[in-house]
Structure formats: C-alpha cells, structure tokens
Amino acid sequence: MAIKRNQNPNPQPKKQERLTNTKKNQVQDNLEESIRPHSFDEYIGQKDLKDVLSIVIEAAKTRNEPIDHLLLYGPPGLGKTTISLILASQMEVNCKITAAPALERPRDITGLLVNLKPGDILFIDEIHRLNRLTEELLYPAMEDYRLDITIGKGQAARTRSIPLPKFTLVGATTKVGALTSPLRDRFGLIQRLKFYEPEELALIIQRTAKLLNTSITEPGSLEIGRRSRGTPRIANRLLRRVRDYIQVKKFESITQELAAEALDIYQVDPQGLDWTDRLILETMIKQFNGGPVGLEAIAAATGEDAKTIEEVYEPYLLQIGYLNRTPRGRVVTAIAYQHLGKTTEEQLSIFNEE
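Residues numbered from 1 in each chain as written. Predicted model: local features only at pLDDT ≥ 70, side-chain atom pairs only at ≥ 80, totals over all residues. Heavy atoms only, no water.

Definition in use: UniProt positions are given in the numbering used here, feature names are shortened, and annotations may be inferred rather than shown by experiment.
In the nomenclature of an unreviewed UniProt entry, the protein chain is known as Holliday junction branch migration complex subunit RuvB of Crocosphaera watsonii WH 8501. The heading Catalytic activity (unreviewed entry) in the UniProt record of the protein chain holds the text "ATP + H2O = ADP + phosphate + H(+)". Listed in UniProt under the heading Subcellular location (unreviewed entry), the comment for the protein chain reads: "Cytoplasm".

**What to know about the overall build of the protein chain**
What counts, and what does not: Helix and strand labels come from DSSP, where a helix needs a run of H or I of at least four residues and a strand needs a run of E of at least two; each type is numbered from the N terminus. For each residue, the accessible area found with a 1.4 Å probe, counting protein chains only, is set against the maximum for its type, and the residue is called buried under 20%, exposed over 50%, and partly exposed in between. Two residues qualify as a contact provided that any one of their heavy atoms is within 4.5 Å of a heavy atom in the partner residue.
Along its length, the protein chain carries 15 helices and nine strands. By the burial criterion, 42% of the 354 residues in the protein chain qualify as buried. Restricting to contacts in the protein chain with at least 6 residues of sequence separation, those with at least 24 account for 67%.

**Observations concerning helix α3 (residues 80-91)**
Using the following cut-off: The span expected for a helix works out to 1.5 Å for each residue beyond the first.
Between its terminal C-alpha atoms α3 stretches 17 Å, which fits the 16 Å expected from 12 residues at 1.5 Å a residue. Buried residues of α3: Lys-80, Thr-82, Ile-83, Ser-84, Ile-86, Leu-87, Ala-88 and Met-91, and no others. Structurally, α3 contributes buried residues whose contacts are with α2 (47-63), β1 (70-73), β2 (95-99), β3 (121-125) and β6 (168-173). One or two positions beyond α3, positive phi appears at Glu-92, with a value near 60 degrees.

**Description of the pattern of salt bridges**
For clarity, the threshold we go by: Salt bridges are defined by distance alone: a side-chain nitrogen of Lys or Arg within 4 Å of a carboxyl oxygen of Asp or Glu.
Summed over all chains, the structure comprises 19 salt bridges. Asp-108 is the salt-bridge partner of Arg-105, the closest N and O atoms lying 3.6 Å from each other. Of the residues examined, Arg-105 reaches a relative accessible area of 43% and is grouped as partly exposed. Within the structure, one salt-bridge network assembled from shared partners comprises Glu-223, Arg-226, Arg-227 and Asp-264.

**Regarding the UniProt feature "binding site: DNA" (unreviewed entry) in the protein chain**
Here, UniProt's "binding site: DNA" (unreviewed entry) annotation points to Arg-325 and Arg-330. Here Arg-325 lies in strand β8 (residues 323-326). Non-local contacts of Arg-325, meaning those with residues more than four positions away in its chain, are made with Glu-310, Glu-314, Leu-318 and Arg-330. Tracing the chain through its elements places Arg-330 in strand β9 (residues 329-332). When its relative accessible area of 13% is taken as the criterion, Arg-330 is described as buried. Aside from chain neighbours lying at most four places away, what touches Arg-330 is Met-284, Gly-290, Gly-291, Pro-292, Val-293, Leu-295, Ile-298, Glu-310, Glu-314, Leu-323, Asn-324 and Arg-325.

**Points about the packing of aromatic side chains**
As a reminder, the rule being used: Working definition: a ring pair exists when centres of Phe, Tyr or Trp rings (six-membered ring for Trp) sit within 6.5 Å. Plane angles under 30 degrees give stacked, over 60 give edge-to-face, the rest tilted. For a Lys NZ or an Arg CZ to count as sitting over a ring, it must be within 6 Å of the ring centre and within 35 degrees of the ring normal.
Summed over the entire model, instances satisfying the criterion amount to one aromatic pair. Residues Tyr-145 and Phe-167 carry aromatic rings whose centres are separated by 5.8 Å and whose planes lie at 80 degrees to one another, so their mutual orientation is edge-to-face. Taken together, the positions of Tyr-145 in the loop between α5 (132-144) and β4 (146-151) and Phe-167 in the loop between β5 (158-163) and β6 put the pair 22 residues apart, joining distant regions of the chain. Over the ring of Tyr-139 we find Arg-186, and its NZ or CZ is 4.2 Å from the ring centre.

**Here's the deal with the environment of Ile-35**
Tracing the chain through its elements places Ile-35 in helix α1 (residues 15-35). Take Ile-35: its relative accessible area is 5%, and that puts it in the buried class. Each C-alpha atom, one on Ile-35 and one on Leu-212, is 8.2 Å from the other, the two residues being 177 residues apart in sequence. Ignoring anything within four residues of it in the chain, the contact list for Ile-35 reads Arg-207, Thr-208, Leu-211, Leu-212, Asn-236 and Arg-240.

**A closer look at the environment of Ile-246**
Turning to its location among the elements, Ile-246 is positioned in helix α9 (residues 232-249). We classify Ile-246 as buried; its relative accessible area is 4%. Between the C-alpha atoms of Ile-246 and Glu-261, which are 15 residues apart in sequence, the distance is 10.0 Å. Apart from residues lying up to four places away in sequence, Ile-246 is in contact with Thr-214, Phe-251, Ser-253, Ile-254 and Leu-258.

**Some points on the pairing of β1**
The test is simple: Being paired, for any two strands, means DSSP has found at least two bridges between them.
For β1 and β6, the ladder comprises four bridges, and the chain directions are parallel. In the strand pairing of β6, Leu-72 is matched with Ala-172.

**Some points on unusual backbone geometry**
Cis geometry marks the peptide bond from Gly-291 to Pro-292, where omega comes out at 5 degrees. Notably, Asn-213 is not glycine yet its phi reads approximately 55 degrees, a positive angle. Here Asn-213 lies in the loop between α7 (198-211) and α8 (218-226).

Written out as structure tokens, the structure reads:
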C-alpha cells in the first residue's frame with residue numbers, strides 16, 4: 001500500500017515567485033534613480049534654497065569642514081531626499097538614508113552613527129517621528145560628535161562615550177512644528193521647500209520625458225504640470241500614466257490634447273483635483289451647505305480617514321484657496337463652487353459674505 005504523504009499546508013513559493021516583488025521594487029527604484037537630478041545645475045526650481053546651499057557648500061569646502069546640520073521641511077514630494085544626495089555629491093562624501101520609523105531601538109541609530117566616515121551625510125526622513133530615546137542619543141552626536149551609551153542597569157550602570165567623526169545630519173519633515181525644541185535648535189540651517197509653479201514642473205516633465213525616451217511637446221508638458229499640484233513627484237507620476245496612454249493608443253508624442261484626455265481618464269482635473277478631492281468638496285456642499293463643518297464629520301460622511309484628509313488632501317485645497325479653516329470648522333470657498341460648476345443659493349451667500 002502506498003503511503004500518503006502529508007502535504008504542507010503552507011507550501012513555500014517557488015524561487016521565481018519569491019523574487020517577483022523584489023524585482024518589481026528594484027525596477028521602480030532604478031527608475032526613480034534614473035530620473036533623479038544629481039547636481040544643482042540639473043535640479044529645477046527652489047532657486048532661493050539652491051542659492052543658500054551653494055554658499056554653505058563653498059564655505060564648508062574652504063574651511064575643509066562638513067556643512068552644518070540641515071533641517072528641510074515642507075510638503076512631501078518636493079525633493080528633500082534629492083537635495084541630500086546632491087549635497088553629498090557636491091561635498092564628495094557618502095549619504096546614508098533612513099527614516100525615523102525605522103529607528104525604533106537605540107541600537108538602530110547607534111549602528112548608523114558609528115559607521116559614518118568624516119564628512120558623511122546622514123539623512124533621516126520623517127524626523128518628527130523619532131522616539132524619545134533615539135532623539136536623546138542624537139543630541140550629543142549633533143553637538144559634540146560623541147555617542148553616549150549606557151552600559152549595565154541600576155547602580156552598576158555607567159555611561160561610555162564613543163567619539164564620532166564630524167558629520168552632517170539632514171532631517172526632513174512635513175511637520176516642523178512637531179519637532180521638539182531641543183532637536184530643532186541643534187540644526188544650523190532650517191530651510192523650507194516651496195510648491196513649484198506649473199512652468200517649473202513643465203521643465204521637470206520635459207527632462208524626465210527625455211530620460212524615458214518619450215516625446216512630448218511644450219504645451220503637453222505644461223498641461224501635465226498644471227495638474228500636478230505643485231509637486232515634482234506627482235508630475236513624474238502623471239507623466240508615466242500619460243505615456244502609458246499614448247503607447248496604448250499608438251500616438252507618437254504627448255500633446256496638450258492627449259495629456260488632457262489621458263488625465264481626464266485618470267480623473268485628474270485641470271486644477272489637479274482627483275476624485276477624492278472633489279468628493280470632499282461636494283460632500284461638504286451637499287450635506288453641510290459648504291460648512292463650517294468639523295474634520296470628523298467630513299471623514300464620517302466621505303468614508304475617508306480623518307488623518308488622511310488632514311495630511312494628504314486638505315493642504316492642497318487650502319493652498320489653492322478652495323477650502324478655508326475657521327474656528328467653527330472647514331468652509332468651502334466661492335472659487336471651489338465655481339470650479340465644481342455649482343450654482344446654488346449657498347454659492348451666492350458666500351459671494352455676499354466676501
């Protein structure tokens with residue numbers, strides 16, 4: 001009689017299957033790296049910031065010192081990581097990149113610090129999310145270039161100081177106000193990244209299209225730039241979606257008309273609003289007469305997470321003037337009514353109030 005073998009209820013995937021996601025991630029990373037500028041000459045926009053950093057770099061090179069610790073803040077997708085990589089390239093040093101949520105235990109940050117070489121740049125994204133112990137380890141590291149480690153417990157505990165090479169910490173955050181004062185005050189430079197103008201984004205799109213071997217007209221790049229919410233990361237993402245569209249439809253070049261057609265399919269309107277942006281505004285108008293209404297009420301009515309609305313969608317709606325915050329809650333503005341094609345009594349009342 002043949003013996004029936006027990007089958008493994010959780011069979012291991014084949015090697016090819018296990019590697020699939022890894023390969024996809026590598027392809028995406030390679031694509032991002034290929035379109036990332038590698039010098040300030042290639043970096044488009046943020047002129048004031050580039051002028052400041054160029055002076056800082058030149059002065060540091062003259063003194064043969066690392067540049068001061070730098071804090072970059074502003075909305076996501078504006079190029080904070082890219083700037084840190086350019087700084088490392090200009091200073092001819094290495095750049096180690098991590099994110100605050102990855103530094104859960106003291107040994108995580110310790111391992112990074114002790115492996116730094118003189119002048120190296122340590123880039124910490126979302127630095128406002130550092131836990132207390134990790135942050136306290138950074139204080140002497142930033143000020144005195146030493147790492148204080150506590151060995152043992154209780155009465156037998158003692159502190160050992162390890163000297164560190166002089167390095168530069170570059171912190172990136174979308175919430176500069178969430179940083180503690182002791183950490184924020186240890187940065188020698190605090191710089192804000194601004195949203196991009198459509199014309200700047202059009203130049204970025206033209207550069208990326210060239211790197212992707214995609215033909216695009218100037219009006220086509222400007223059409224994508226207008227719908228990119230002032231953010232290069234979004235501009236490059238929309239360009240790839242429009243590229244998909246013209247390849248499937250077998251067009252040779254991205255024109256203004258084709259860019260508009262493609263982005264309309266993806267529900268990105270001429271002002272850069274997507275489906276969720278319009279859902280938020282239309283829900284406020286239909287169910288709450290345009291406001292004022294609280295954030296939790298908007299979240300409940302739309303089915304979106306309140307934090308997501310506040311951090312992802314609301315900043316752009318505030319920036320373009322489609323939403324106002326008042327002591328009583330959020331209010332839809334008159335220009336938002338116009339953009340959505342609403343001609344109601346509520347719209348007239350808003351015009352009268354203004």
